[in-house]
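Each chain is listed here by its residues.
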Amino acid sequence: MTQPMPNSVAETAALLAKGGYLPSDSLAASVFLALKLQRPLLLEGEAGVGKTEVAKVLAAVLGRPLVRLQCYEGLDLSSAAYEWNYSRQLLHIRASEAAGDVSTASLERDLYSESYLLKRPLLQALELSAEGKAPILLIDELDRADEPFEAFLLEVLADYQITIPELGTVRAAEPPITVLTSNRTREVHDAVRRRCFYCWIDYPSAAREADILRLKLPNAPAALTAEIVGFVQSIRAMDLYKSPGIAETINWAQALTSLDCVALDLESVNSTLGTLLKYQDDIARIQGSEAARLLEQVKSRAREAAFAAEA
Ligand SMILES: Nc1ncnc2c1ncn2[C@@H]1O[C@H](COP(=O)(O)OP(=O)(O)O)[C@@H](O)[C@H]1O
Ligand SMILES: [Mg+2]
């Protein structure tokens, strides 16, 4: 069932938290404004910082369908909006011919009717909106699509309508709640940016990452959670090929709790690094002496914090 829209930034943050997503203040503000002013939201950031998840959680907590358009190189109108079902049209022609029923005008009318139309995500989203059930439209990893597709998308985002020459125009009175994401492998066009509210999603602060771990793994020992966050935050500051995202932190914490760890130790770190780092060069760099150094750093910081808390 469709849920009411949040009325403030704080309500937006609380709503996302209800769906298991802990946003930064700037993200909560961007989401709130995008919802309130019915503008698309463009989220940029490294892989694994929680861009796609924003759209999924919004759909869940607002009780709306999620329509997802995954972008890739070569994505075009027919895969993004609609295409005619040629093979079914052909079958229809054959059947009409066999029945001796080949009046060109009526055949054409039949062939270009809705039953031969394959509706792709953009058209699906506009149709739902036109029926008063505005969905969350997730246009994921826009940087992977080519620029001509961006130009087409811009038209759709400008008036929330798609014209099918043979059928007419589908127009949404209320726009779908649109979330675009980019991993920034190339710059998204200025014209698209201008249409959207923009939010850069950074890796979380230590405090927020600890909150996320507590939310996802409520039974993990508190000391372990704190050490995991300290360790991950330190390796993010290193110049790795691929820094771990939030999903990797969660996976690592799951792995360590499954091994019944109550605190980090060198052996467990070395044997579970593959859940945190996904490139052998990065693993080779951290495993062993570097892990030992980071671990010592994390433990001494924890000791200092405990000491300060006692004093
Ligand atoms: N702020 C957050 N609060 C809770 N979980 C998060 C948050 N950000 C990311 N996650 C977790 O990290 C996972 C990966 O996020 P995802 O949205 O797929 O990243 P991206 O699309 O930026 O690559 C999500 O499935 C979710 O479990
Ligand atoms: Mg994603």
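Each value, and the rule that gives it
- Residues numbered from 1 in each chain as written.
- Chains lettered and ligands numbered in written order.
- Predicted model: local features only at pLDDT ≥ 70, side-chain atom pairs only at ≥ 80, totals over all residues.
- Heavy atoms only, no water.
- Helix = DSSP H or I, 4+ residues; strand = E, 2+ residues; numbered from the N terminus.
- Buried < 20%, exposed > 50% of the residue type's maximum accessible area, 1.4 Å probe, protein only.
- Contact = heavy atoms within 4.5 Å.
- Salt bridge = Lys/Arg side-chain N within 4 Å of Asp/Glu carboxyl O.
- Axes fitted to C-alpha atoms, helices over the stretch in contact; angles between N-to-C directions.
- Parallel < 35°, antiparallel > 145°, perpendicular 65-115°, else oblique.
- Left-handed = near helix turned anticlockwise from the far one by under 90°.
- Nonpolar A, V, L, I, M, F, W, Y, C, P; charged D, E, K, R; others polar.
- Polar contact = N/O pair within 3.5 Å; in protein donor to acceptor, adjacent residues only side chain to side chain.
- Pairing = 2+ DSSP bridges.
- Near = heavy atom within 4 Å.
- Areas by Shrake-Rupley, 256 points an atom, 1.4 Å probe, with all protein chains shown as cover.
- Domains from an automatic or database assignment.

## As for the environment of leucine 41
Inspection of the secondary structure assignment puts leucine 41 in strand S1 (residues 41–44). Note on leucine 41: relative accessible area 2%, which makes it buried. The spatial distance from the C-alpha of leucine 41 to the C-alpha of alanine 55 is 9.8 Å, given a sequence separation of 14 residues. When neighbours within four sequence positions are excluded, leucine 41 is seen to be in contact with Ser30, Val31, Ala34, Thr178, Val179, Leu180 and Phe197.

## Here we look at the side chain of threonine 225
On the secondary structure map, threonine 225 appears in helix H11 (residues 222–236). You can call threonine 225 buried: its relative accessible area is 6%.

## Some details on the pattern of salt bridges
Counting across every chain of the model gives 16 salt bridges. The partner of arginine 120 in a salt bridge is glutamate 83, with the nearest N and O atoms 2.4 Å apart. One end of the pair, arginine 120, is in the loop between strand S4 (117–119) and helix H7 (121–130); the other, glutamate 83, is in strand S3 (residues 82–84), with 37 residues separating them in the sequence. Take glutamate 83: its relative accessible area is 23%, and that puts it in the partly exposed class. Here arginine 303 makes a salt bridge to glutamate 296, at a shortest N to O gap of 3.2 Å. Through salt bridges with shared partners, a single network forms among Glu44, Arg184, Glu187 and Arg193.

## What to know about H7
The buried fraction of H7 amounts to 8 of the 10 residues, a majority that puts the element mostly inside the structure. Listed as buried for H7 are Pro121, Leu122, Leu123, Ala125, Leu126, Glu127, Leu128 and Ser129. Just downstream of H7, glycine 132 is the residue with a positive phi angle, here 85°.

## A word on the packing of helix H13 (residues 266–276) against helix H15 (residues 289–310)
The contact between H13 and H15 brings their axes to 10 Å, and the two run at 125°. Viewed along their axes, H13 and H15 adopt a mutual orientation that is oblique. As for how H13 packs across H15, the hand of that crossing is right-handed. Two secondary-structure elements touch here, H13 through Leu266, Val269 and Asn270 and H15 through Ala291, Ala292 and Leu295. Across the contact of H13 with H15, the residue classes tally to 5 nonpolar, 1 polar and no charged.

## So, the side chain of arginine 236
Mapped onto the fold, arginine 236 is located in helix H11. Owing to a relative accessible area of 13%, arginine 236 belongs among the buried residues under this scheme. Among the polar contacts made by the side chain of arginine 236, one reaches the side chain of glutamate 209 at a distance of 2.7 Å. One polar contact links the side chain of arginine 236 to the main-chain carbonyl oxygen of proline 244, over a distance of 2.8 Å.

## Overview of unusual backbone geometry
Of note in the backbone geometry, glutamine 38 takes a positive phi value of approximately 55° without being a glycine. Topologically, glutamine 38 is positioned in the loop between helix H2 (25–37) and S1. With a phi close to 65°, arginine 184 is a non-glycine residue in the positive phi region. Within the element layout of this structure, arginine 184 appears in the loop between strand S8 (177–182) and helix H9 (190–195).

## Looking at the sheet that holds strand S9 (residues 197–200)
Here we have 5 strands laid out as an open sheet, ordered S2-S5-S8-S1-S9, and parallel in their pairing. On the outer flanks of this sheet lie strand S2 (66–70) and S9, each paired with one strand and no other. Direction aside, the axes of adjacent strands within the sheet are offset by 20° on average.

## Regarding the site of ligand 1
In the vicinity of ligand 1 there are 17 residues, among which Leu22, Gly48, Lys51, Thr52 and Glu53 approach most closely. Contacts to ligand 1 include glycine 50, whose backbone N or O atom sits 3.1 Å from an oxygen atom. Between an oxygen atom of ligand 1 and a side-chain N or O atom of threonine 52, the distance comes to 2.8 Å. Here ligand 1, which alone exposes 560 Å², has 84% of that area covered by the protein. Here the shell around ligand 1 spans two domains, and each of domain 1 (9–78 + 120–200) and domain 3 (206–310) adds at least three residues to it.

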